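Observations on the three-dimensional arrangement
Now for the letters of each chain:
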Amino acid sequence: MPFGDRALKVELGNIISPEVNARVHALHEAITHAQFSGVCECVPTYCSLLMTYDPAKASYEELVTKVNHLEETSKAHVPKRKMHKAVLPVVYGGDFGPDLAQVSRFHNLKEGDVVRMHSQQEYLVYMIGFIAGFPYLGKLPEEIATPRLETPRLRVPEGSVGIAENQTGIYPRQAPGGWQIIGRAPIKLFDSLWQPPALLQPGDFVRFRPISAEEFWQIRASASERRYDPFVAE
Amino acid sequence: MKLFRVATPGFFTTVQDLGRFGFLKFGVPISGAMDEFSLQLANMLVSNDHGDACLEMTLIGPELEALHDVQIAVAGDISLQINGQDSDTWQTINLMTGDIVSFGKVRTGCRAYLAVRGGIDVPIVLGSRSTHVRGEIGGMQGRQLKAGDYVEGFDAVQPIDHCLILPREFIPSFSRETEVGVVLGPQLESFTEKGLKTFLFNPYALTVEADRMGYRLEGPSIEYSERIDTISDAILPGSVQVPANGKPIVTMQDAQTTGGYPKIAVVVSADLHVLGQAKPNDKICFHETALSTAHRKLLDYKKEVGIIESKLYRRF
(Lines give C-alpha, C1' and ligand atoms only; values in the text may rest on other atoms or scores of the structure.)
Protein backbone atom coordinates (compact mmCIF):
# COMPACT_ATOMS: atom_id res chain seq x y z
CA MET A 1 0.00 0.00 0.00
CA PRO A 2 1.17 3.58 -0.57
CA PHE A 3 2.99 5.38 2.22
CA GLY A 4 2.78 8.94 0.93
CA ASP A 5 4.00 9.54 -2.62
CA ARG A 6 7.54 8.24 -2.37
CA ALA A 7 7.29 5.01 -0.43
CA LEU A 8 5.29 1.84 -0.31
CA LYS A 9 4.63 -0.36 2.65
CA VAL A 10 4.55 -4.14 2.41
CA GLU A 11 2.68 -5.80 5.30
CA LEU A 12 3.69 -9.37 6.05
CA GLY A 13 1.60 -9.96 9.15
CA ASN A 14 0.14 -8.21 12.16
CA ILE A 15 1.84 -9.83 15.12
CA ILE A 16 5.29 -9.46 16.62
CA SER A 17 6.86 -12.83 16.03
CA PRO A 18 10.27 -14.10 14.90
CA GLU A 19 8.59 -15.91 11.99
CA VAL A 20 6.88 -12.83 10.56
CA ASN A 21 9.96 -10.73 11.18
CA ALA A 22 12.17 -13.29 9.41
CA ARG A 23 9.98 -12.89 6.32
CA VAL A 24 10.46 -9.10 6.51
CA HIS A 25 14.23 -9.54 6.52
CA ALA A 26 14.09 -12.16 3.75
CA LEU A 27 12.07 -9.80 1.56
CA HIS A 28 14.44 -6.94 2.40
CA GLU A 29 17.35 -9.07 1.28
CA ALA A 30 15.55 -10.12 -1.91
CA ILE A 31 14.74 -6.48 -2.79
CA THR A 32 18.31 -5.39 -2.11
CA HIS A 33 19.54 -8.21 -4.32
CA ALA A 34 17.07 -7.45 -7.13
CA GLN A 35 18.28 -3.82 -7.45
CA PHE A 36 15.04 -2.48 -8.95
CA SER A 37 15.64 0.82 -10.68
CA GLY A 38 14.11 3.76 -8.86
CA VAL A 39 14.17 2.09 -5.43
CA CYS A 40 16.06 4.17 -2.87
CA GLU A 41 16.10 2.39 0.47
CA CYS A 42 14.26 -0.11 2.64
CA VAL A 43 13.29 0.08 6.31
CA PRO A 44 12.49 -3.30 7.84
CA THR A 45 10.27 -3.18 10.95
CA TYR A 46 8.43 -5.84 13.02
CA CYS A 47 5.95 -7.03 10.42
CA SER A 48 6.31 -4.70 7.50
CA LEU A 49 8.86 -3.30 5.13
CA LEU A 50 8.93 0.29 3.92
CA MET A 51 10.51 0.85 0.53
CA THR A 52 11.21 4.37 -0.70
CA TYR A 53 11.34 5.13 -4.42
CA ASP A 54 11.78 7.97 -6.83
CA PRO A 55 8.46 8.48 -8.67
CA ALA A 56 10.39 9.97 -11.61
CA LYS A 57 12.14 6.63 -12.14
CA ALA A 58 9.61 3.99 -11.13
CA SER A 59 5.84 3.79 -10.97
CA TYR A 60 4.05 2.69 -7.83
CA GLU A 61 2.00 0.03 -9.61
CA GLU A 62 5.03 -1.45 -11.33
CA LEU A 63 6.92 -1.69 -8.01
CA VAL A 64 3.95 -3.33 -6.27
CA THR A 65 3.85 -6.01 -8.97
CA LYS A 66 7.59 -6.60 -8.73
CA VAL A 67 7.57 -6.79 -4.93
CA ASN A 68 4.56 -9.13 -4.85
CA HIS A 69 6.34 -11.41 -7.27
CA LEU A 70 9.50 -11.35 -5.14
CA GLU A 71 7.47 -12.06 -2.01
CA GLU A 72 5.89 -15.11 -3.65
CA THR A 73 9.21 -16.50 -4.82
CA SER A 74 11.16 -15.63 -1.66
CA LYS A 75 8.57 -17.56 0.38
CA ALA A 76 9.64 -20.69 -1.48
CA HIS A 77 13.21 -20.53 -0.30
CA VAL A 78 13.36 -18.69 3.04
CA PRO A 79 15.86 -17.63 4.45
CA LYS A 80 19.25 -18.52 3.12
CA ARG A 81 20.52 -15.54 4.99
CA LYS A 82 23.86 -15.91 6.76
CA MET A 83 23.20 -15.79 10.48
CA HIS A 84 25.04 -13.10 12.33
CA LYS A 85 25.25 -13.92 16.01
CA ALA A 86 26.54 -11.33 18.44
CA VAL A 87 27.39 -11.74 22.12
CA LEU A 88 27.24 -8.50 24.08
CA PRO A 89 28.82 -8.14 27.53
CA VAL A 90 26.52 -6.60 30.19
CA VAL A 91 26.89 -5.67 33.86
CA TYR A 92 23.56 -6.34 35.51
CA GLY A 93 22.08 -4.47 38.48
CA GLY A 94 23.53 -1.90 40.86
CA ASP A 95 24.20 1.54 39.40
CA PHE A 96 24.47 -0.07 35.97
CA GLY A 97 20.94 -1.46 36.12
CA PRO A 98 18.90 0.61 38.59
CA ASP A 99 15.59 -1.12 37.73
CA LEU A 100 16.79 -4.72 38.17
CA ALA A 101 15.50 -4.81 41.77
CA GLN A 102 12.10 -3.49 40.74
CA VAL A 103 11.81 -5.93 37.83
CA SER A 104 12.69 -8.82 40.18
CA ARG A 105 10.11 -7.69 42.75
CA PHE A 106 7.49 -7.31 40.03
CA HIS A 107 7.85 -10.99 39.13
CA ASN A 108 8.66 -12.29 42.62
CA LEU A 109 12.03 -13.48 41.40
CA LYS A 110 15.58 -13.19 42.69
CA GLU A 111 17.76 -10.70 40.80
CA GLY A 112 20.00 -13.62 39.81
CA ASP A 113 17.02 -15.37 38.17
CA VAL A 114 16.16 -12.33 36.10
CA VAL A 115 19.79 -12.04 34.97
CA ARG A 116 19.92 -15.75 34.14
CA MET A 117 16.72 -15.64 32.11
CA HIS A 118 17.67 -12.42 30.32
CA SER A 119 21.13 -13.70 29.39
CA GLN A 120 20.19 -17.25 28.40
CA GLN A 121 17.81 -16.27 25.64
CA GLU A 122 18.91 -15.62 22.07
CA TYR A 123 17.21 -12.52 20.67
CA LEU A 124 16.39 -11.44 17.16
CA VAL A 125 17.06 -7.83 16.11
CA TYR A 126 13.51 -7.12 14.91
CA MET A 127 14.35 -3.62 13.81
CA ILE A 128 16.46 -0.54 14.53
CA GLY A 129 14.70 2.70 15.36
CA PHE A 130 13.83 5.26 18.05
CA ILE A 131 17.37 6.65 18.00
CA ALA A 132 20.24 5.85 15.63
CA GLY A 133 21.44 2.31 16.27
CA PHE A 134 18.80 1.34 18.90
CA PRO A 135 18.04 -2.40 18.40
CA TYR A 136 14.59 -3.72 19.30
CA LEU A 137 15.28 -7.27 20.50
CA GLY A 138 12.83 -10.09 21.11
CA LYS A 139 11.34 -12.12 22.31
CA LEU A 140 11.95 -11.72 26.02
CA PRO A 141 11.00 -14.73 28.21
CA GLU A 142 7.41 -14.15 29.45
CA GLU A 143 8.58 -14.60 33.06
CA ILE A 144 10.50 -11.33 32.98
CA ALA A 145 8.35 -9.24 30.61
CA THR A 146 7.73 -5.95 32.44
CA PRO A 147 5.78 -2.78 31.61
CA ARG A 148 7.64 0.46 30.94
CA LEU A 149 8.38 2.91 33.79
CA GLU A 150 5.41 5.07 34.73
CA THR A 151 7.56 8.17 34.47
CA PRO A 152 10.25 8.03 31.80
CA ARG A 153 13.77 9.08 32.76
CA LEU A 154 15.14 12.26 31.26
CA ARG A 155 18.55 10.67 30.85
CA VAL A 156 19.32 7.01 30.28
CA PRO A 157 23.10 6.49 29.93
CA GLU A 158 24.74 5.14 26.80
CA GLY A 159 24.90 1.33 26.71
CA SER A 160 21.93 0.84 29.06
CA VAL A 161 20.06 -2.42 28.55
CA GLY A 162 16.34 -2.09 29.09
CA ILE A 163 13.11 -4.07 29.15
CA ALA A 164 9.73 -2.90 27.85
CA GLU A 165 6.93 -5.48 27.81
CA ASN A 166 8.32 -8.54 26.03
CA GLN A 167 11.15 -6.70 24.33
CA THR A 168 14.64 -5.75 25.34
CA GLY A 169 16.92 -3.14 23.83
CA ILE A 170 20.13 -1.18 24.24
CA TYR A 171 20.49 2.62 24.27
CA PRO A 172 23.31 3.48 21.82
CA ARG A 173 23.62 6.95 23.36
CA GLN A 174 22.32 8.91 26.29
CA ALA A 175 18.65 9.67 25.69
CA PRO A 176 15.37 10.13 27.52
CA GLY A 177 13.58 6.81 27.91
CA GLY A 178 10.98 4.78 29.75
CA TRP A 179 12.43 1.28 29.56
CA GLN A 180 13.26 -0.62 32.78
CA ILE A 181 17.06 -0.45 32.91
CA ILE A 182 18.53 -3.72 34.20
CA GLY A 183 22.14 -3.45 33.06
CA ARG A 184 24.69 -1.70 30.92
CA ALA A 185 26.99 -2.77 28.09
CA PRO A 186 30.46 -1.19 27.80
CA ILE A 187 30.42 -1.06 24.02
CA LYS A 188 29.53 1.41 21.34
CA LEU A 189 26.59 0.40 19.14
CA PHE A 190 26.66 3.28 16.70
CA ASP A 191 29.26 5.53 15.15
CA SER A 192 28.48 7.68 12.14
CA LEU A 193 32.07 7.14 10.92
CA TRP A 194 31.65 3.37 10.73
CA GLN A 195 30.60 1.64 7.54
CA PRO A 196 27.85 0.55 8.21
CA PRO A 197 27.28 2.94 11.12
CA ALA A 198 25.49 0.46 13.40
CA LEU A 199 27.11 -2.54 15.09
CA LEU A 200 23.94 -4.62 14.74
CA GLN A 201 21.79 -5.01 11.65
CA PRO A 202 18.11 -5.85 11.53
CA GLY A 203 17.86 -9.64 11.36
CA ASP A 204 21.00 -10.31 13.45
CA PHE A 205 20.86 -12.43 16.60
CA VAL A 206 22.07 -11.27 20.01
CA ARG A 207 22.87 -12.90 23.36
CA PHE A 208 24.01 -11.15 26.52
CA ARG A 209 27.00 -12.27 28.61
CA PRO A 210 26.95 -11.18 32.28
CA ILE A 211 30.21 -9.48 33.27
CA SER A 212 31.64 -7.80 36.37
CA ALA A 213 32.08 -4.08 36.87
CA GLU A 214 35.88 -4.51 36.45
CA GLU A 215 35.40 -6.18 33.13
CA PHE A 216 32.99 -3.40 32.13
CA TRP A 217 35.68 -0.77 32.58
CA GLN A 218 38.35 -2.95 30.92
CA ILE A 219 36.24 -3.54 27.82
CA ARG A 220 35.18 0.08 27.75
CA ALA A 221 38.79 1.27 27.84
CA SER A 222 39.85 -1.01 24.99
CA ALA A 223 36.66 -0.58 22.95
CA SER A 224 37.03 3.19 22.91
CA GLU A 225 39.94 2.82 20.51
CA ARG A 226 38.45 0.37 18.07
CA ARG A 227 35.13 -1.12 17.20
CA TYR A 228 34.24 -3.96 19.58
CA ASP A 229 33.70 -7.18 17.66
CA PRO A 230 30.88 -9.12 19.32
CA PHE A 231 30.30 -11.55 16.48
CA VAL A 232 30.81 -15.22 17.15
CA ALA A 233 32.53 -17.26 14.47
CA GLU A 234 30.14 -19.83 12.99
CA MET B 1 38.95 28.18 4.64
CA LYS B 2 37.33 30.23 7.40
CA LEU B 3 34.68 32.45 5.81
CA PHE B 4 32.86 33.81 8.85
CA ARG B 5 33.30 34.17 12.55
CA VAL B 6 30.00 33.70 14.37
CA ALA B 7 29.42 36.72 16.65
CA THR B 8 25.94 35.63 17.72
CA PRO B 9 24.42 32.32 16.62
CA GLY B 10 20.74 33.32 16.26
CA PHE B 11 17.88 31.31 17.74
CA PHE B 12 18.67 27.96 16.16
CA THR B 13 21.07 27.86 13.22
CA THR B 14 22.32 24.63 11.67
CA VAL B 15 24.11 23.47 8.54
CA GLN B 16 21.71 21.64 6.20
CA ASP B 17 21.68 20.27 2.68
CA LEU B 18 19.02 18.13 0.97
CA GLY B 19 19.32 15.32 3.50
CA ARG B 20 20.91 12.04 4.43
CA PHE B 21 19.59 9.05 2.55
CA GLY B 22 20.21 5.31 2.83
CA PHE B 23 20.50 4.94 6.61
CA LEU B 24 16.88 4.82 7.78
CA LYS B 25 17.23 1.12 8.55
CA PHE B 26 19.93 2.00 11.09
CA GLY B 27 17.65 4.54 12.75
CA VAL B 28 19.32 7.58 11.18
CA PRO B 29 16.79 10.32 10.27
CA ILE B 30 16.89 12.01 6.86
CA SER B 31 17.43 15.54 8.26
CA GLY B 32 18.13 18.21 5.62
CA ALA B 33 16.48 21.57 5.02
CA MET B 34 12.95 22.00 6.40
CA ASP B 35 12.23 24.16 3.34
CA GLU B 36 14.28 22.51 0.63
CA PHE B 37 12.79 24.83 -2.01
CA SER B 38 14.26 27.94 -0.37
CA LEU B 39 17.58 26.17 0.19
CA GLN B 40 17.77 25.43 -3.53
CA LEU B 41 16.89 29.03 -4.42
CA ALA B 42 19.63 30.34 -2.11
CA ASN B 43 22.14 28.04 -3.80
CA MET B 44 21.02 29.08 -7.29
CA LEU B 45 21.61 32.74 -6.45
CA VAL B 46 25.33 32.07 -5.96
CA SER B 47 25.47 29.58 -8.86
CA ASN B 48 25.99 26.58 -6.57
CA ASP B 49 24.74 23.05 -7.01
CA HIS B 50 21.15 23.03 -5.77
CA GLY B 51 21.96 20.72 -2.88
CA ASP B 52 25.06 22.46 -1.49
CA ALA B 53 25.14 22.94 2.27
CA CYS B 54 23.66 26.19 3.62
CA LEU B 55 22.93 27.68 7.02
CA GLU B 56 19.33 27.13 8.06
CA MET B 57 18.23 29.98 10.32
CA THR B 58 15.17 29.69 12.54
CA LEU B 59 13.07 32.72 13.65
CA ILE B 60 16.12 34.89 14.46
CA GLY B 61 19.28 34.79 12.38
CA PRO B 62 22.93 35.09 13.45
CA GLU B 63 25.49 37.89 13.25
CA LEU B 64 28.53 36.97 11.19
CA GLU B 65 31.84 38.67 10.48
CA ALA B 66 33.29 38.01 7.03
CA LEU B 67 36.93 36.89 7.18
CA HIS B 68 37.29 36.85 3.37
CA ASP B 69 35.74 38.41 0.32
CA VAL B 70 32.82 36.11 -0.28
CA GLN B 71 29.56 35.95 -2.21
CA ILE B 72 26.38 35.02 -0.38
CA ALA B 73 22.65 34.85 -1.02
CA VAL B 74 19.78 34.70 1.43
CA ALA B 75 16.45 32.98 0.75
CA GLY B 76 13.60 33.75 3.10
CA ASP B 77 11.71 36.70 4.52
CA ILE B 78 14.22 37.84 7.14
CA SER B 79 15.61 41.24 8.03
CA LEU B 80 19.21 41.56 6.91
CA GLN B 81 21.80 44.29 7.42
CA ILE B 82 25.31 44.54 6.03
CA ASN B 83 27.44 46.89 8.17
CA GLY B 84 24.23 48.35 9.57
CA GLN B 85 22.65 49.05 6.16
CA ASP B 86 19.48 47.23 5.15
CA SER B 87 20.17 44.73 2.41
CA ASP B 88 17.99 42.66 0.09
CA THR B 89 17.49 38.96 0.20
CA TRP B 90 16.87 36.78 -2.90
CA GLN B 91 20.00 37.99 -4.73
CA THR B 92 23.78 37.63 -4.83
CA ILE B 93 25.56 39.84 -2.30
CA ASN B 94 29.29 40.58 -2.56
CA LEU B 95 30.91 40.80 0.86
CA MET B 96 34.39 42.06 1.68
CA THR B 97 36.69 41.03 4.47
CA GLY B 98 35.52 42.63 7.69
CA ASP B 99 31.89 43.10 6.64
CA ILE B 100 29.34 42.42 9.37
CA VAL B 101 26.27 40.49 8.29
CA SER B 102 23.49 40.76 10.85
CA PHE B 103 20.19 39.00 10.58
CA GLY B 104 17.15 39.99 12.55
CA LYS B 105 13.82 38.26 12.84
CA VAL B 106 12.05 36.20 10.25
CA ARG B 107 9.02 38.29 9.18
CA THR B 108 6.85 35.69 7.49
CA GLY B 109 7.55 31.97 7.50
CA CYS B 110 9.83 30.37 10.06
CA ARG B 111 13.17 29.73 8.39
CA ALA B 112 15.65 31.40 6.06
CA TYR B 113 18.72 30.06 4.27
CA LEU B 114 22.17 31.53 3.80
CA ALA B 115 24.15 30.12 0.89
CA VAL B 116 27.81 30.92 0.30
CA ARG B 117 29.42 30.61 -3.11
CA GLY B 118 30.82 27.06 -3.34
CA GLY B 119 28.83 25.77 -0.36
CA ILE B 120 29.62 25.44 3.32
CA ASP B 121 32.45 23.07 4.13
CA VAL B 122 31.74 20.67 6.95
CA PRO B 123 32.68 16.97 6.78
CA ILE B 124 30.31 14.69 4.88
CA VAL B 125 28.87 12.25 7.42
CA LEU B 126 26.91 9.27 6.08
CA GLY B 127 26.63 10.96 2.71
CA SER B 128 25.40 14.36 3.85
CA ARG B 129 26.46 17.61 5.51
CA SER B 130 23.08 18.01 7.25
CA THR B 131 22.96 18.40 11.01
CA HIS B 132 20.88 16.05 13.13
CA VAL B 133 21.20 17.77 16.49
CA ARG B 134 19.46 15.15 18.66
CA GLY B 135 21.73 12.41 17.30
CA GLU B 136 24.83 14.66 17.12
CA ILE B 137 25.33 13.62 13.51
CA GLY B 138 26.80 15.78 10.74
CA GLY B 139 26.96 19.56 10.32
CA MET B 140 29.10 21.54 12.72
CA GLN B 141 30.11 18.76 15.16
CA GLY B 142 26.52 17.58 15.20
CA ARG B 143 25.18 20.73 16.85
CA GLN B 144 23.69 24.14 16.24
CA LEU B 145 25.98 27.15 15.70
CA LYS B 146 27.37 28.92 18.75
CA ALA B 147 29.21 32.19 19.25
CA GLY B 148 32.90 31.92 18.35
CA ASP B 149 32.37 29.21 15.70
CA TYR B 150 33.89 29.57 12.27
CA VAL B 151 31.81 28.88 9.18
CA GLU B 152 34.10 27.36 6.59
CA GLY B 153 33.99 27.38 2.81
CA PHE B 154 36.04 25.70 0.12
CA ASP B 155 39.36 27.02 -1.15
CA ALA B 156 39.79 27.94 -4.81
CA VAL B 157 36.14 28.73 -5.48
CA GLN B 158 35.77 31.00 -8.51
CA PRO B 159 33.54 33.96 -7.69
CA ILE B 160 30.76 34.62 -10.19
CA ASP B 161 31.32 37.82 -12.20
CA HIS B 162 27.70 38.98 -12.00
CA CYS B 163 24.85 39.22 -9.55
CA LEU B 164 21.90 36.89 -9.77
CA ILE B 165 18.47 38.17 -8.73
CA LEU B 166 15.31 36.16 -8.25
CA PRO B 167 12.47 37.78 -10.26
CA ARG B 168 9.71 39.01 -8.00
CA GLU B 169 7.10 36.58 -9.31
CA PHE B 170 9.14 33.61 -8.07
CA ILE B 171 9.63 34.87 -4.51
CA PRO B 172 7.67 32.46 -2.30
CA SER B 173 5.09 33.97 0.02
CA PHE B 174 4.70 32.39 3.42
CA SER B 175 1.20 32.46 4.80
CA ARG B 176 -0.01 31.91 8.34
CA GLU B 177 -2.66 29.65 6.87
CA THR B 178 -1.43 26.96 4.58
CA GLU B 179 -3.02 24.10 2.77
CA VAL B 180 -1.09 20.92 2.09
CA GLY B 181 -2.01 17.80 0.18
CA VAL B 182 -1.95 14.37 1.82
CA VAL B 183 -2.05 10.83 0.52
CA LEU B 184 -4.34 8.88 2.87
CA GLY B 185 -3.06 5.91 4.88
CA PRO B 186 -1.22 3.71 5.66
CA GLN B 187 -3.36 3.13 8.80
CA LEU B 188 -6.61 4.66 7.61
CA GLU B 189 -8.58 1.69 9.00
CA SER B 190 -7.71 2.84 12.53
CA PHE B 191 -10.06 5.82 12.11
CA THR B 192 -13.78 6.23 11.64
CA GLU B 193 -15.30 7.91 8.60
CA LYS B 194 -16.16 10.76 10.95
CA GLY B 195 -12.55 10.91 12.20
CA LEU B 196 -11.28 11.22 8.64
CA LYS B 197 -13.77 14.01 7.88
CA THR B 198 -12.68 15.83 11.04
CA PHE B 199 -9.10 15.65 9.85
CA LEU B 200 -9.80 16.80 6.28
CA PHE B 201 -12.31 19.56 6.95
CA ASN B 202 -10.86 21.42 9.94
CA PRO B 203 -7.81 23.61 10.26
CA TYR B 204 -5.14 22.48 12.71
CA ALA B 205 -2.85 24.95 14.47
CA LEU B 206 0.84 24.39 15.25
CA THR B 207 1.48 24.35 18.99
CA VAL B 208 4.74 25.57 20.52
CA GLU B 209 5.91 21.97 20.45
CA ALA B 210 7.13 22.32 16.90
CA ASP B 211 10.70 21.75 15.80
CA ARG B 212 12.73 19.95 13.15
CA MET B 213 11.56 16.61 14.52
CA GLY B 214 7.84 17.31 14.17
CA TYR B 215 4.85 19.47 14.95
CA ARG B 216 2.20 18.78 17.54
CA LEU B 217 -1.07 20.18 16.22
CA GLU B 218 -4.10 21.54 18.06
CA GLY B 219 -7.61 21.11 16.67
CA PRO B 220 -10.62 18.83 16.82
CA SER B 221 -9.85 15.31 18.00
CA ILE B 222 -9.74 12.65 15.30
CA GLU B 223 -11.94 9.67 16.15
CA TYR B 224 -10.52 6.17 16.19
CA SER B 225 -12.56 3.22 14.92
CA GLU B 226 -11.22 1.07 17.75
CA ARG B 227 -8.24 1.37 20.01
CA ILE B 228 -5.94 -1.01 18.25
CA ASP B 229 -2.38 -1.07 19.44
CA THR B 230 -0.43 -0.44 16.29
CA ILE B 231 2.81 -2.33 15.98
CA SER B 232 5.67 0.12 15.40
CA ASP B 233 6.54 0.61 11.78
CA ALA B 234 8.61 3.02 9.69
CA ILE B 235 8.06 6.79 9.59
CA LEU B 236 9.09 9.33 6.97
CA PRO B 237 8.98 13.16 7.14
CA GLY B 238 5.40 14.31 6.57
CA SER B 239 3.71 11.39 8.33
CA VAL B 240 0.56 12.50 10.15
CA GLN B 241 0.45 10.38 13.31
CA VAL B 242 -2.53 10.39 15.64
CA PRO B 243 -1.84 9.47 19.27
CA ALA B 244 -4.60 8.39 21.68
CA ASN B 245 -5.75 11.98 22.38
CA GLY B 246 -6.73 12.37 18.72
CA LYS B 247 -4.50 15.43 18.13
CA PRO B 248 -2.23 14.87 15.14
CA ILE B 249 1.56 15.07 15.11
CA VAL B 250 3.26 15.69 11.76
CA THR B 251 6.78 14.35 11.59
CA MET B 252 9.41 16.54 9.93
CA GLN B 253 13.01 16.16 8.71
CA ASP B 254 14.62 15.00 11.97
CA ALA B 255 11.79 12.58 12.81
CA GLN B 256 12.72 9.28 14.34
CA THR B 257 12.60 6.45 11.83
CA THR B 258 10.04 4.18 13.53
CA GLY B 259 6.96 4.76 15.64
CA GLY B 260 3.81 3.17 16.95
CA TYR B 261 1.07 5.76 16.46
CA PRO B 262 -1.40 5.06 13.64
CA LYS B 263 -0.81 7.30 10.62
CA ILE B 264 -3.90 8.71 9.00
CA ALA B 265 -2.05 10.27 6.05
CA VAL B 266 1.31 11.39 4.66
CA VAL B 267 1.95 14.92 3.34
CA VAL B 268 2.76 14.97 -0.38
CA SER B 269 6.45 15.56 -1.12
CA ALA B 270 5.84 18.69 -3.21
CA ASP B 271 4.15 20.41 -0.22
CA LEU B 272 6.55 19.38 2.52
CA HIS B 273 8.69 22.49 2.08
CA VAL B 274 5.62 24.67 2.63
CA LEU B 275 5.03 22.93 5.94
CA GLY B 276 8.69 23.52 6.79
CA GLN B 277 7.95 27.27 6.98
CA ALA B 278 5.08 26.93 9.48
CA LYS B 279 5.50 28.32 12.97
CA PRO B 280 3.49 28.07 16.21
CA ASN B 281 -0.16 29.24 15.84
CA ASP B 282 -0.06 28.92 12.05
CA LYS B 283 -3.04 27.03 10.68
CA ILE B 284 -2.81 24.05 8.38
CA CYS B 285 -5.55 22.48 6.29
CA PHE B 286 -5.02 19.01 4.89
CA HIS B 287 -6.69 18.00 1.67
CA GLU B 288 -6.89 14.56 0.17
CA THR B 289 -4.68 14.01 -2.86
CA ALA B 290 -4.69 10.98 -5.14
CA LEU B 291 -1.34 9.23 -5.47
CA SER B 292 -1.13 9.99 -9.20
CA THR B 293 -1.84 13.69 -8.52
CA ALA B 294 0.86 13.76 -5.84
CA HIS B 295 3.36 12.27 -8.28
CA ARG B 296 2.44 14.81 -10.95
CA LYS B 297 2.79 17.63 -8.43
CA LEU B 298 6.24 16.37 -7.47
CA LEU B 299 7.42 16.23 -11.08
CA ASP B 300 5.98 19.73 -11.72
CA TYR B 301 7.72 21.01 -8.61
CA LYS B 302 11.07 19.63 -9.75
CA LYS B 303 10.53 21.11 -13.21
CA GLU B 304 9.69 24.48 -11.68
CA VAL B 305 13.01 24.54 -9.82
CA GLY B 306 14.77 24.15 -13.19
CA ILE B 307 12.63 26.84 -14.83
CA ILE B 308 13.35 29.34 -12.07
CA GLU B 309 17.07 28.80 -12.44
CA SER B 310 16.85 29.66 -16.15
CA LYS B 311 14.93 32.86 -15.39
CA LEU B 312 17.20 34.51 -12.83
CA TYR B 313 18.12 38.12 -13.72
CA ARG B 314 21.80 38.71 -14.25
CA ARG B 315 23.36 42.06 -13.41
CA PHE B 316 26.96 42.65 -14.45
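Residues numbered from 1 in each chain as written. Chains lettered and ligands numbered in written order. Predicted model: local features only at pLDDT ≥ 70, side-chain atom pairs only at ≥ 80, totals over all residues.

Moving on, we get to the domain arrangement of chain A. Residue and element names in this part refer to chain A. Looking at the assigned domains, one finds that chain A contains domain 1 (7-76) and domain 2 (85-223). Just the C-alpha atoms count here: the centres of domain 1 and domain 2 sit 29 Å apart. Facing seven residues of domain 1, the contacting portion of domain 2 comprises seven residues. By residue number, the principal contributor to the side of domain 1 that touches domain 2 is helix 1 (residues 18-34), which donates three residues. When its residues are assigned to classes, the side of domain 1 that touches domain 2 shows four nonpolar, three polar and no charged. (Domains from an automatic or database assignment. Contact = placed C-beta atoms within 7 Å. Helix = DSSP H or I, 4+ residues; strand = E, 2+ residues; numbered from the N terminus. Nonpolar A, V, L, I, M, F, W, Y, C, P; charged D, E, K, R; others polar.)

Turning our eyes to something else, we now look at the nonpolar core. Within the largest apolar cluster, 149 residues are counted, with the highest numbers of intra-cluster contacts made by Met51 of chain A together with Ala42, Ile72, Val74, Tyr113, Ala115 and Val182 of chain B. With nine residues, the top contributor of residues to this core is strand 8 (residues 100-116) of chain B. (Core = buried A, V, L, I, M, F, W, Y, C linked by C-beta atoms within 7 Å. Buried ≥ 20, exposed ≤ 12 C-beta atoms within 10 Å, placed from the backbone.)

In this section: the interface of chain A and chain B. Taken together, the contacts link 36 residues of chain A with 32 residues of chain B. Taken together, the elements giving at least two residues each to the side of chain A that touches chain B come down to strand 1 (7-11), strand 2 (39-44), strand 3 (48-53) and strand 5 (123-128) of chain A. At five residues, strand 2 of chain A tops the list of elements feeding residues into the side of chain A that touches chain B. A breakdown of the residues in the side of chain A that touches chain B according to their chemical character gives 25 nonpolar, seven polar and four charged.

Now for helix 3 (residues 100-107) of chain A. Residue and element names in this part refer to chain A. Within helix 3, burial applies to Leu100, Val103 and Ser104. For helix 3, the arc enclosing every buried residue in end-on projection is 100 degrees, short of the 170-degree limit, so these residues lie on one face. Looking at the buried residues of helix 3, the elements they touch are strand 4 (85-92), helix 4 (111-120), strand 8 (160-164) and strand 11 (180-184). Phi for Asn108, located one or two positions after helix 3, is positive at around 60 degrees. (Arc of directions from axis to C-beta.)

Attention shifts here to the sheet that holds strand 5 of chain A. Residues and elements named next belong to chain A. Judged by pairing direction, the barrel is mixed, and its seven strands sit side by side in the order 4-11-8-9-6-5-12 before closing back on the first. In this sheet, adjacent strand axes meet at a mean angle of 40 degrees when their direction is disregarded. Sheet analysis places strand 5 next to strand 6 (residues 135-138), joined by four bridges and oriented antiparallel. By the bridge assignment for strand 6, Met127 is matched with Tyr136. Each of strand 4, strand 8 and strand 11 touches helix 3; the most contacted strand, strand 11, lies at about 125 degrees to it. (Pairing = 2+ DSSP bridges. Axes fitted to C-alpha atoms, helices over the stretch in contact; angles between N-to-C directions.)

Moving on to the pairing of strand 9 (residues 167-170) of chain A. On a regular strand, each side chain points to the face opposite its neighbour's, so the side chains alternate between the two faces of the sheet. All names here are of chain A. Across the two faces of strand 9 the burial is the same, with Gln167 and Gly169 and Thr168 and Ile170 all buried. The sheet contact formed by strand 6 and strand 9 spans two bridges and is antiparallel. Following the sheet pairing, Leu137 is matched in strand 9 by Thr168. Pairing between strand 8 and strand 9: four bridges, direction antiparallel. Counterpart to Gly162 in the pairing with strand 9 is Gly169. Count of turn residues in the strand 8/strand 9 antiparallel hairpin: two residues, of which Glu165 carries a positive phi of about 50 degrees.

Right, let's get into the pairing of strand 8 of chain B. Residues and elements named next belong to chain B. Bridge analysis of strand 3 (residues 54-58) against strand 8 gives four bridges, and the strand direction is antiparallel. Bridge pairing in strand 8 links Thr58 to Arg111. Pairing analysis gives nine bridges linking strand 5 (residues 70-82) to strand 8, with the strands arranged antiparallel. Its bridge partner lying in strand 8, Gln81 is registered against Ser102.

Residues and elements named next belong to chain B. Along the chain, Met252 turns up in the loop between strand 16 (249-251) and strand 17 (258-259). Remark: the alpha-carbon pair of Met252 and Leu272, spanning 20 residues in sequence, is separated by 8.4 Å. Not counting residues up to four positions away in its chain, the partners in contact with Met252 are Met34, Arg212, Met213, Gly214, Tyr215, Pro237 and Gly276.

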